[in-house]
Structures are given as structure tokens and as C-alpha cells.
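Here is what each chain is made of, one letter per residue.
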2 protein chains.
Amino acid sequence: MKLPSAFPLALAAAGLATATGLRAENPPSMNQTYGLVIHGGAGVILRQEMSAELEARYRDALTQARDAGYAVLARGDSSLDAVVAAITFMEDSPLFNAGRGAVLNADGICELDASIMDGRTQAAGAVAGVHHIKNPIRLARAVMEKSEHVMFTGDGAETFARTLGFEFVPNEYFQTELRRRQLEKAQQLEAGKKSAAALHERVTFATVDDNYLIDQIKHGTVGCVALDQHGNLAAGTSTGGMTNKKFGRVGDSPIIGAGTYASNATCAVSATGWGEFFIRLSVAHDIAAQMEYRQTPLAAAADATIAKVGKLGGDGGVIGIDRAGHVAMSFNSPGMYRGYRLSTGAGAVEIFGPAQ
Amino acid sequence: MKLPSAFPLALAAAGLATATGLRAENPPSMNQTYGLVIHGGAGVILRQEMSAELEARYRDALTQARDAGYAVLARGDSSLDAVVAAITFMEDSPLFNAGRGAVLNADGICELDASIMDGRTQAAGAVAGVHHIKNPIRLARAVMEKSEHVMFTGDGAETFARTLGFEFVPNEYFQTELRRRQLEKAQQLEAGKKSAAALHERVTFATVDDNYLIDQIKHGTVGCVALDQHGNLAAGTSTGGMTNKKFGRVGDSPIIGAGTYASNATCAVSATGWGEFFIRLSVAHDIAAQMEYRQTPLAAAADATIAKVGKLGGDGGVIGIDRAGHVAMSFNSPGMYRGYRLSTGAGAVEIFGPAQ
């Protein structure tokens, strides 16, 4: 929506506030660019190993998730609402390792983690190891908004959810045939190699078709970062973690500062990748810190942090957005499911890296 | 140990390596300052509310913990070993909210979290919500060194411990009479106020004697940061969390980047305080980031980050050490149990803040 330059901004803002039911004290700015970035995981995503049909399904799902979040922003609602809308869509899709379609742990069940952060207040919420919450990102938001805490884990997180009347689903709701086959393969490979490192080597033993499935073991995550018409940033991340995971393993997705970070002073970031490396480098906060302490632009900061991940031996990617609507989609893996859309009209949905 | 300046350093290093059994490829430098800093929690620790006898007990325990870690450094062993030695001492002491003497959760049991990080490799390990591991800091180290993961939670973390032959103790080992009374009080106050916020207000309802106990609800944690003769940094943190905690609540202590961080490029940090605020600000990593990205000295960086915590409404403190042996002990609460000791001869053990 472009206004003639002589149009009184205060009046326009007041009018829009009335029209959308927003509080008058926080009207949208007509000059505020808004938009969002999403990811659906990064990894060994190779063009020659994905059928045209599967690629089309991913592009379609990414576009729908992105546009579900964008619609929230376009009607003047908050970046938090947009993040939840986009992530909920991806949690509900069996294509991504979050919510329905999440990978199975060593016990054959889906164990879900999620986190969310509000850049305006730096409030944050996270859950780790939940088994029956249809949309973990919504529970993370409830931890942020309806408790005085940031992180709840395991059965305790579900007890909290019950006090709020959350929808519970049987764990089978999340499980798909594809993920069961993936777990079988991971366990066979583990048994054959008798080495923890095998989980990261086995890609070389797989057929072309298997490669695609196996990749998801390490890198499945979904995330969204958004900037709303009020100039507020938010970030969220949701995942099923790693196939065949044991010992209540938690990766970076529910860790504020690692998988998710947002501050209106800098940027909103969501990460996806080999979680252990992202925790060790506080990836999401590291990008914000470069902006805060040495005025590095967002995209350059994201590239620098992903380069650190690579130097340490890890891989994956991040998405980010700042208050001016600059976006970052940086990754050192062959591909990352990703998309963005801005009120300027700019937008894209991509899967493969530039080298492909 | 001061050497005459003409003394050949390579020879001295080789000699010392032989004497202490260190590997020749990593000899200690004669010029490397070494030392450590510890904390035993920050909070409303007031001189007029603590008896001389209790103060003496705390000073004695802090001194012993600090010197246990220092002895490790003095014989040329690693900063990781020193961190584990100092924290193990405090976990074993009933005076601190970690290991034995940990606070009780809403179910009346002790639920323990710990994390550790190696500044040389930026490897990290953490456990959250364990109930039977005598020294959680040792299990965090095992996650770092004997798994390819960073964080294990709940029963899964204990299953991992069992595979390694860890010592298990009944939960009653950790529980003390003082903590049971503290839980009763917290639950009575909670029931009376019927407000989550009451947990942070009730200090005003307590007697002078109770104040001391109640304080520990928010702020009990132990931690250590160390610099060894090889110039390597390490950090660790251990806690029982918050009295009467529910829903598998996890604070900052097991969160790498929030409660614990270490990188040889910058510093080692351990935090203690109102964990939610420390997570939201990625406190430990924020201090390292200021050193890395704007060359802020350690102590000033620690002060700046604690000021941010205060601005957001939180309180607590941090300890830090850098490769030159600069130390930081910054807090915005009335007191913080703390101590440090350097190979230069500098050292102290303190409890109260400068305003007291």
C-alpha cells in the first residue's frame, strides 16, 4: 500500500488502527516494511536426487506456509502471530521434521521441541521432549505468555499444557511410514557400524533414493522470522530432532540463543542444522551480537556465523530479518528449504544452494 | 614460580613436563598466569541477616572449593579438571543449591541441571532434570566427552549415565531438612497468594531468619571458570534450580550460551541468578561477544551484560576469566558467594556486595 507523500501519516495510522481493531497507542507505520522468512530444514538436498514431483510438493508447502504467515502480517497482526501461523502450517505438513512427520527417536516415537521469542520484549518460551502436543510452537508461546518461565521439558511441559486446555493427540498422529523406514535404516546402519560416527557417515552407503530420506536425520527443522507493520520482530523454531536419538537428546531448536533469538535492537533469527554445533556457537545470538557490537549488516553477520559453524565441522543454515526488512538465508549445506516475502513485493521460494 | 630471565624456556617447559607427566607437545608456559573464579549463587544475601557462624561456614566452604580447583591447576592439569574439582566440592556441600542440599521441586524431590564447556575446542556438555546422579557436573562432562551430543534431559540422561557406570544415589541423598522447610514455606505462600508472582514477592512476608532461606529459591547455583597453565579456558555450572519448580522447568544453568560459555578466543563465564532473564539475554555468550566484536575488556563486558539483566527486571551475577588471567565477578543482587585465586598470588573470598 503506497500513500501519496502529502497524506497525513497520523491520520492514516489512526484510520488503519480503527479499521483493524488495533490499539491506538501502537498503530502501524505506513512506512514500515514488513515481511517474513521461513525455513523447512537444511542439509544434503541435491537437485539430482529429488523427483520433480517431490520438489513441486515442497515448493507448494513452503509457499503456503510463507503466505499463511504473510497474510497475518498484511492484516496488521503481530510478528508473533505470523511466526506461529507459518510454523503451525509446517508442523501440520508431513513433509517437514516437526509436528506431524517428525522423525522417530530410538524408542520409535516422536519427541518434539520448539521455541519462540518476541523481539519487542525479549520474552521467550520453549518446550523440549513433548510427545502429545499437536503444535509444539503454540505450547512454546504459551510458556512465554502464560508462565513466568522460559523452558519446560518432557512430561512437565505436557502437564502445563493440560492446565491450559491444550489439544492432545496420540503419538501415532505424528508418525509417518517414511519416518518408520528411516528409523529402521538408521538402526540397521548403527548396528552394522557399531560407531556413533556412523550416523553421520552412512550417507555414502545409501542408494540415491535413500539419500534424500537419510539427510533428514541430521537437519530437519522448521522455522520462521517475521517483521510486522509495528516494527516488531519475532522468531520461532520447531523440530522432531534427530532420527534414532537417545537419552533425551536436545538439539538447538528449543535453546534460546542457539536455535532461536529475537531482539528489536538487532534482528530475529531461526536456525536449522547439526544442532550440537549451533549450541556450541550460540548461533542465533551470535548473529545478533555482531549487529549490536560491530554494526555488521544482518546478511554478513549470518554468513560469518555460518562460516564459524563450518570451521568447527558442522553444517546447516539460518534465516534472519531485521527491522528494516533486510533478510538473510545463509547455509553451508547443499540445500535449505526456504522462502521469504516482503511488503515491498520481493519474495522467493527456494530449495537448492547456488552451486546446484 | 619465577625464573631468571636468562633461563631457557624450552628447557624449563620440557623439564616441568617430565616432572608432572604432561605430554611434551603441550607443555605449560612459564609465563602463563593461571587461576580460577568460583561462585556459589547470587541473591538477597544481607550481612545483617546472616549469623557470624553461618558466614564463617560459607567462607570456609568457598575457600575449600576454590583451593580444590586451584590445586588442580597448580599441578599443571587442565582447566576442565579444575572446574570439575571445584564444582564437585560445592555439589557435595549441603550449603549450596547443587547436588546435596539442592532445593526441592513441587513434587518434593531434587531435580538437577549442569553444564560444562571447554574453551580450547568449544566442546560442551549439559544435563537437565536428573534425579540420581551424585555429581551432575561429571555427567555433563561425560556428555561432552563420551557422546557426540551436547544436551541430554531427564531419564534419558540417566540411562546414558548408566551405560558409563556412573554412581547412582537415591534422591534422598540430595534432600536436606532446610530445603524441605523451604519448600513448605514456598508452597504455603503460593497457596495463600494464588499468584505465580507471589514466589518473587514473598520475601517481604518473611521473618529476618526466613529471608535467608527464601532467597535461595531464586538464586542458588554454583559455578567455576578456570584458566590453566596451557592457556586453556573452561567453564561449568550446576544447580538444583528453583524451589517448588513445576513442569520440568529448566533455568539457564544447563543452557550453553546462557549459564555457561567458554572460548579461548575470549573468556570463560558461569552465571547465577534469575535464570529466565539469563536465558533471554544469552548472558554468558553476550559477554564473550562483547570481547570478540568490540574488544570490550572482560570486567566491563560482564558489567554491561548484568546491567542489561537489571534493565529487563532480572537479577543475579556472573563470574569470568580470560586468557590473560583477568577476572570478573559482576552482580546486581545484594550479594554473591564468590572467590578467586590466581598464580600471581591475588585472591579473595567474598559474600556481600560493595554497598554492605
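Residues numbered from 1 in each chain as written. Chains lettered and ligands numbered in written order. Predicted model: local features only at pLDDT ≥ 70, side-chain atom pairs only at ≥ 80, totals over all residues. Heavy atoms only, no water.

## Examining the overall build of chain A
Right, on to step 1. Within chain A, the regular secondary structure consists of 11 helices and 13 strands.
Right, on to step 2. The buried share among the 356 residues of chain A stands at 62%.
Right, on to step 3. Just so you have it, chain A exposes about 12700 Å², and 53% of that area is on carbon and sulfur atoms. (Helix = DSSP H or I, 4+ residues; strand = E, 2+ residues; numbered from the N terminus. Buried < 20%, exposed > 50% of the residue type's maximum accessible area, 1.4 Å probe, protein only. Areas by Shrake-Rupley, 256 points an atom, 1.4 Å probe, with all protein chains shown as cover.)

## A closer look at the packing of aromatic side chains
Right, on to step 1. Taken as a whole and judged by the stated rule, the model has 18 aromatic pairs over all chains.
Right, on to step 2. Consider the rings of Phe247(A) and Phe152(B), whose centres lie 5.3 Å apart with planes at 65°: the pair is edge-to-face. Note that Phe247(A) is positioned in the loop between strand E6 (233-239) and strand E7 (249-250) and Phe152(B) in strand E4 (residues 151-153), a pairing that runs across two chains.
Right, on to step 3. What links up through ring pairs into an aromatic cluster is the set Tyr58(A), Phe96(A) and Tyr337(A).
Right, on to step 4. Directly above the aromatic system of Phe168(A) lies the positively charged group of Arg162(A), at a separation of 4.1 Å from the ring centroid. (Phe/Tyr/Trp six-rings, centres within 6.5 Å; stacked < 30°, edge-to-face > 60°. Lys NZ or Arg CZ within 6 Å of the ring centre and 35° of its normal.)

## Some words on the sheet that holds strand E10 (residues 316-322) of chain B
Residue and element names in this part refer to chain B.
Right, on to step 1. Across the sheet, which stays open at both edges, the 4 strands sit in the order E8-E9-E10-E11 with antiparallel pairing between neighbours. Each edge of the sheet is formed by a strand with only one pairing partner; in this case those strands are strand E8 (260-262) and strand E11 (327-331). Ignoring which end each strand starts from, the neighbouring axes of this sheet average 10° apart.
Right, on to step 2. Note: strand E9 (residues 267-273) against E10, 7 bridges, orientation antiparallel. (Pairing = 2+ DSSP bridges. Axes fitted to C-alpha atoms, helices over the stretch in contact; angles between N-to-C directions.)

## Thoughts on the pattern of salt bridges
Side chains that carry opposite charge are capable of pairing whenever their charged atoms lie near each other.
Residue and element names in this part refer to chain B.
Right, on to step 1. Applying the stated rule across the entire model yields 24 salt bridges over all chains.
Right, on to step 2. Ionic pairing is found between Asp67 and Arg341, a salt bridge with its closest N-O pair at 3.1 Å. Of this pair, Asp67 sits in helix H2 (residues 52-74) while Arg341 sits in strand E12 (residues 335-342), and the two are 274 residues apart along the sequence.
Right, on to step 3. The class of Asp67 is partly exposed, set by a relative accessible area of 25%. (Salt bridge = Lys/Arg side-chain N within 4 Å of Asp/Glu carboxyl O.)

## Concerning the interface of chain B and chain A
Right, on to step 1. With 44 residues of chain B at the contact, the number on the chain A side is 44 residues.
Right, on to step 2. Here chain B meets chain A over a buried area of about 3600 Å², counting both sides, of which 60% is carbon and sulfur.
Right, on to step 3. The largest contributions to the chain B side of the interface with chain A come from Phe247(B), Arg280(B) and Tyr293(B), which together make up 23% of the buried area.
Right, on to step 4. Summed over the shared surface of chain B and chain A, the number is 2 salt bridges. (Contact = heavy atoms within 4.5 Å. Buried area = accessible area lost by both parts, 1.4 Å probe.)

## Comments concerning the sheet that holds strand E1 (residues 35-43) of chain A
Right, on to step 1. Reading across from one edge, E13(A)-E12(A)-E1(A)-E5(A)-E6(A)-E2(A)-E3(A)-E4(A)-E7(B) is the order of the 9 strands in this open sheet, with mixed pairing throughout. For this open sheet the edge positions go to strand E13 (347-352) of chain A together with strand E7 (249-250) of chain B, each flanked by a neighbour on one side alone.
Right, on to step 2. Across 6 bridges, the pairing between strand E5 (residues 222-227) of chain A and E6(A) is antiparallel. Considered in E6(A), the bridge of Cys224(A) is made with Gly236(A).
Right, on to step 3. Across the face of the sheet, helix H2 (residues 52-74) of chain A comes into contact with E1, E5, strand E12 (335-342) and E13 of chain A while running at roughly 145° to E13(A).
Right, on to step 4. Strands strand E2 (112-118), strand E3 (123-130), strand E4 (151-153) and E6 of chain A of the sheet are contacted by helix H4 (residues 136-146) of chain A, whose axis makes an angle of about 135° with E3(A).

## With respect to the environment of Phe174(A)
All names here are of chain A.
Right, on to step 1. As for its position among the elements, Phe174 is in the loop between helix H5 (154-163) and helix H6 (177-193).
Right, on to step 2. The exposure class of Phe174 is buried, given its relative accessible area of 0%.
Right, on to step 3. Apart from residues no more than four positions distant in its own chain, Phe174 is found in contact with Gly99, Arg100, Gly101, Ala102, Cys110, Leu112, His131, His132, Ile133, Lys134 and Val169.

## Some points on helix H10 (residues 283-294) of chain A
All names here are of chain A.
Right, on to step 1. Between the first and last C-alpha of H10 there are 16 Å, a value that for 12 residues agrees with the 16 Å anticipated at 1.5 Å per step.
Right, on to step 2. The set of residues buried in H10 consists of Val283, Ala284, His285, Asp286, Ile287, Ala288, Ala289, Gln290, Met291 and Tyr293.
Right, on to step 3. After H10 finishes, the residue Gln295 shows a positive phi value of roughly 55°. (Expected span 1.5 Å × (residues − 1).)

## Looking at unusual backbone geometry
Right, on to step 1. With a phi angle near 55°, Gln295(A) is a residue other than glycine that sits in the positive phi range.
Right, on to step 2. Topologically, Gln295(A) is positioned in the loop between H10 and helix H11 (298-312).
Right, on to step 3. Here the phi dihedral of Gln122(B) falls at roughly 55°; this positive angle occurs in a residue that is not glycine.
Right, on to step 4. Tracing the backbone through its elements, the reader meets Gln122(B) in the loop between strand E2 (112-118) and strand E3 (123-130).

## Concerning the confidence of the model for chain A
All names here are of chain A.
Right, on to step 1. Mean pLDDT for chain A: 87, with 84% of residues reaching 70 or above.
Right, on to step 2. Ignoring residues within four places in sequence, the model shows residues 1-25, a span with pLDDT below 50, making 17 contacts including any to other chains.
Right, on to step 3. Scored below 50 in pLDDT, residues 194-208 makes 21 contacts in the model with residues more than four places away or belonging to other chains.
Right, on to step 4. The complex prediction reports pTM at 0.89, with the ipTM value standing at 0.88. (pLDDT = per-residue confidence, 0-100.)

## Regarding the pairing of E11(B)
Two faces, one strand: in a regular strand the side chains alternate between the faces of the sheet.
Right, on to step 1. One ladder, built from 5 bridges, connects E10(B) with E11(B); its direction is antiparallel. Bridge assignment links Ile321(B) to a residue of E11(B), and that residue is Val327(B).

## Let's talk about the relation of the copies chain B and chain A
Right, on to step 1. Placing chain B over chain A gives an RMSD of 0.0 Å and needs a rotation angle of 180°, together with 0.0 Å of translation along the axis. Viewed as a symmetry operation, the transformation between the two copies matches a two-fold axis.
Right, on to step 2. When you check the interface residues of chain B against chain A, 100% turn up at the interface there too, and the contact is symmetric in its surfaces. (Least-squares fit on C-alpha atoms with pLDDT ≥ 70 in both.)

## Describing the side chain of Asn264(B)
All names here are of chain B.
Right, on to step 1. The residue Asn264 is located in the loop between E8 and E9 in this model.
Right, on to step 2. Overall, the relative accessible area of 13% leaves Asn264 in the buried class.
Right, on to step 3. Among the polar contacts made by the side chain of Asn264, one reaches the main-chain amide nitrogen of Leu233 at a distance of 2.9 Å.
Right, on to step 4. Not counting residues up to four positions away in its chain, the partners in contact with Asn264 are Gly119, Arg120, Gly231, Asn232, Leu233 and Arg323. (Polar contact = N/O pair within 3.5 Å; in protein donor to acceptor, adjacent residues only side chain to side chain.)

## Considering the nonpolar core
Right, on to step 1. Residues Ile287(A), Val318(A), Ile287(B) and Val318(B) are the most contacted members of the largest nonpolar core, which totals 92 residues.
Right, on to step 2. Look past the residues within four positions of Ile287(A) in its chain and what remains in contact with it is Cys267(A), Val269(A), Leu298(A), Ala301(A), Ala302(A), Thr305(A) and Val318(A). (Core = buried A, V, L, I, M, F, W, Y, C linked by side-chain atoms within 4.5 Å.)

## A word on the pairing of E5(A)
Residues and elements named next belong to chain A.
Right, on to step 1. Within E5, 6 of the 6 residues are buried, which leaves the element mostly enclosed by the surrounding structure.
Right, on to step 2. Burial of the side chains of E5 extends over both faces: Val222, Cys224 and Ala226 are buried on one face and Gly223, Val225 and Leu227 on the other.
Right, on to step 3. Pairing of E1 with E5, which is carried by 5 bridges, proceeds in the antiparallel orientation. When the bridges of E5 are listed, His39 appears paired with Gly223.
Right, on to step 4. Counted along the chain from E5 to the antiparallel partner E6, the turn is 5 residues long, and its residue Gly231 has a positive phi close to 85°.

## Some thoughts on helix H3 (residues 79-92) of chain B
Residue and element names in this part refer to chain B.
Right, on to step 1. The terminal C-alpha atoms of H3, which comprises 14 residues, lie 20 Å apart, in line with the 20 Å expected from a rise of 1.5 Å per residue.
Right, on to step 2. The complete set of buried residues in H3 reads Ser79, Leu80, Ala82, Val83, Val84, Ala86, Ile87, Thr88, Met90 and Glu91.
Right, on to step 3. Contacts made by the buried residues of H3 are with strand E1 (35-43), H2, E2, helix H4 (136-146), strand E5 (222-227) and strand E6 (233-239).

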